[in-house]
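For reference, the chains in residue letters:
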Amino acid sequence: MATDTAVLEIKTSRPLKPAKMRPNIAAAVGQKWMVAVVAVAPFLVALEDHAMVIALPQLQRDLGLGLPELEWVVNVYTLTFAVLTLGGGMLVDRFGARPVFLAGLALFTSASLVAGLSPDGFVLIGMRATQGAGAALSGPAALAILVTSFAGSARGIALGVLSGVVASATASGPLLGALLTENIGWRSIFFINVPVGIAILIVGVLALPAARASSRGPHMDIAGVVTSALALAAGVFGVAQASRYGWTSLKVLTVLGIAASAFAIFVAVERHVPTPLLDRSLLRIPNFLAANLLGLLNVAVMCSLLFFLSLYLQLGVGISAIQVGVVLLPFTVLITVVAPMAGWLASRVGARLLGGTGLALTATGLLLLSRVDASWGATHLLPGLLVAGIGLGLATTPITMAAMEHVSAERSGIAGATLNASGMVGMSLGIVMMGAIVSTRLPADLAGPPADPEGFAAGVGIGISVNAVLTLVAAALAVAMLRSQRVPRVALLATSEADVFQDPTRSAAR
């Protein structure tokens, strides 16, 4: 290891030979392929969810679906992803990240093929659920592969690439969905996953490191998986339905009550099983709990901003879905470019400073956007989008690094799954919270412009202002709660060249 070499240099007071600092070229190439494989798979997962929304009108006409079936086409994917993600993390820790990642990707790819061939809504909804199951397997495995295969600034860069491409999928999904739907048809949104998924599977078999043997006992916490799945399913579904029925609705309160009861049972179960799914020691890991809370807030802000800005541009300004994707492109590109840089910086200045700065910048961009009125077009939104894009790019990777930095390799799967679950809850909460503010100004069927354009713009502005306040709170929490993770300078000097992309066999041995 490069850090060990650095210690040896201090003891002997002799300079390292240049040859010792040169990375293994073959290993570097292999590690770059690893990052590409691990990043592209979550990109497909995130892209699918957002591209599908644009295709709903055409899909409704072709398959003759009603509004409830259309809602399930969208919601069943998110629900299955959220419900099974902790189980996916458990499988990663039990069988290793590589086989679980490849299995999840294969499941997602095959379900995409059948979904594209769906003759009716029943088959399509079933395949969307299967896609969500595949995403729940590949998501925690992807994060575990990067965390256990890289160290120091290399880990920050790798996690930054992952964060950047997932964020770019969130914003580019509607654009790609519109292009494919208008030119080829809604089925192409599913078919495009098939050749890409097969290519990733082939490269993944060749490039991903061998699975690490589990050090845990033979028993798996099935009771924990079932109760956590019920709690997450009821929680996400209840929050999603709150915007439709209201928080005081008996239906919503009943579902949320089921979620709370299932969570209480989950906590009780975890206290008594020999190998708990989410043992309490994980919550005592430095930064883990704080970073999960920050991740929830970060995803809530980003997803709700994109969702309602898209509505404003289409319904308020009157531009097409393709034009909306182009308008949001600078925001997406900045996150994609800045996130890997933030990972590299976080290993030097620490997640606390960089995360807090990024969230503060995001809040500044949101305050600029909150001044929106009915006369605003794309150019008026650009300054706020640029500042918010830089801020989210700076904040996202350090938050992920803080959550995973002190997690052992044996628990990286469930730790990554917990972070993913926090993000899913954040996405639902963010859209519902902002939706409660904006919904009274929207047309009932979203088929035409709002009756009150000024009121619609004002509602969007108030919702963005609330997000700005939440982001300022998150920035303060990042500074107050995150512990410094800055890598010692002597380790950075030793790893700056030799371990930028380190040998997978050495990584697996740690």
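Coordinates for the structure precede this section.
Residues numbered from 1 in each chain as written. Predicted model: local features only at pLDDT ≥ 70, side-chain atom pairs only at ≥ 80, totals over all residues. Heavy atoms only, no water.

A. Representation of the overall build of the chain. Looking only at helices and strands, the chain features 20 helices and zero strands. Taking all 510 residues of the chain together, 55% fall into the buried category. Summarising the internal contacts of the chain: among those between residues at least 6 apart in sequence, 85% fall at separations of at least 24. Carbon and sulfur atoms make up 69% of the accessible area of the chain, which amounts to about 21,000 Å² in all. (Helix = DSSP H or I, 4+ residues; strand = E, 2+ residues; numbered from the N terminus. Buried < 20%, exposed > 50% of the residue type's maximum accessible area, 1.4 Å probe, protein only. Contact = heavy atoms within 4.5 Å. Areas by Shrake-Rupley, 256 points an atom, 1.4 Å probe, with all protein chains shown as cover.)

B. Summary view of the nonpolar core. Of all hydrophobic cores here, the largest spans 77 residues; its most connected members are Phe-101, Leu-146 and Leu-208. Among the elements that take part in this core, helix H6 (residues 121–149) stands out by supplying 10 residues, more than any other. If sequence neighbours within four positions are ignored, Leu-208 has contacts with Met-34, Val-37, Val-38, Arg-98, Phe-101, Leu-102, Ile-145 and Val-203. With 31 residues, the next largest nonpolar core counts Ala-167, Leu-315, Leu-392 and Ala-457 among its residues. (Core = buried A, V, L, I, M, F, W, Y, C linked by side-chain atoms within 4.5 Å.)

C. Spatial organisation of the packing of helix H15 (residues 351–369) against helix H18 (residues 453–481). Close contact between H15 and H18 brings their axes to 8 Å; oriented N to C, the two are set at 165 degrees. Looking at the two axes, H15 sits roughly antiparallel to H18. Handedness of the H15/H18 crossing: left-handed. Here H15 contributes Arg-352, Gly-355, Gly-356, Leu-359, Ala-360, Thr-362, Ala-363, Leu-366, Leu-367 and Leu-369 to the contact with H18, which in turn contributes Ile-464, Asn-467, Ala-468, Thr-471, Leu-472, Ala-474, Ala-475, Ala-478 and Val-479. Its residues assigned to classes, the contact of H15 with H18 comprises 13 nonpolar, five polar and one charged. (Axes fitted to C-alpha atoms, helices over the stretch in contact; angles between N-to-C directions. Parallel < 35°, antiparallel > 145°, perpendicular 65-115°, else oblique. Left-handed = near helix turned anticlockwise from the far one by under 90°. Nonpolar A, V, L, I, M, F, W, Y, C, P; charged D, E, K, R; others polar.)

D. Seen up close, the environment of Thr-148. Topologically, Thr-148 is positioned in helix H6. A sequence separation of 262 residues divides Thr-148 from Glu-410, and the C-alpha atoms of the two residues are 9.3 Å apart.

E. Quick look at H15. Taking 1.5 Å of rise per residue, the 19 residues of H15 would be expected to cover 27 Å, and the 26 Å separating its terminal C-alpha atoms lies within 8% of that figure. Buried within H15 are the following residues: Ala-351, Leu-354, Gly-355, Gly-356, Gly-358, Leu-359, Thr-362, Ala-363, Gly-365, Leu-366 and Leu-369. (Expected span 1.5 Å × (residues − 1).)

F. Fine view of the packing of aromatic side chains. Per the counting criterion, the structure on display carries two aromatic pairs. Look at Trp-186 and Phe-190: their rings are 6.2 Å apart centre to centre, the planes differ by 90 degrees, and that puts the pair in the edge-to-face class. Phe-190 carries the same exposure label as Trp-186, and that label is buried. An angle of 40 degrees between the planes, with centres 6.4 Å apart, marks the rings of Phe-263 and Phe-266 as tilted. (Phe/Tyr/Trp six-rings, centres within 6.5 Å; stacked < 30°, edge-to-face > 60°.)

G. A look at the environment of Val-255. Within the secondary structure, Val-255 is located in helix H11 (residues 250–270). Excluding anything up to four places from it in sequence, Val-255 contacts Ala-234, Phe-237 and Gly-238.

H. Summary view of the environment of Ala-97. Its location among the elements puts Ala-97 in helix H5 (residues 97–116). A relative accessible area of 15% places Ala-97 in the buried class. With 44 residues separating them along the chain, Ala-97 and Ala-141 place their C-alpha atoms 4.7 Å apart. Aside from chain neighbours lying at most four places away, what touches Ala-97 is Val-92, Ala-141, Ala-144 and Ile-145.

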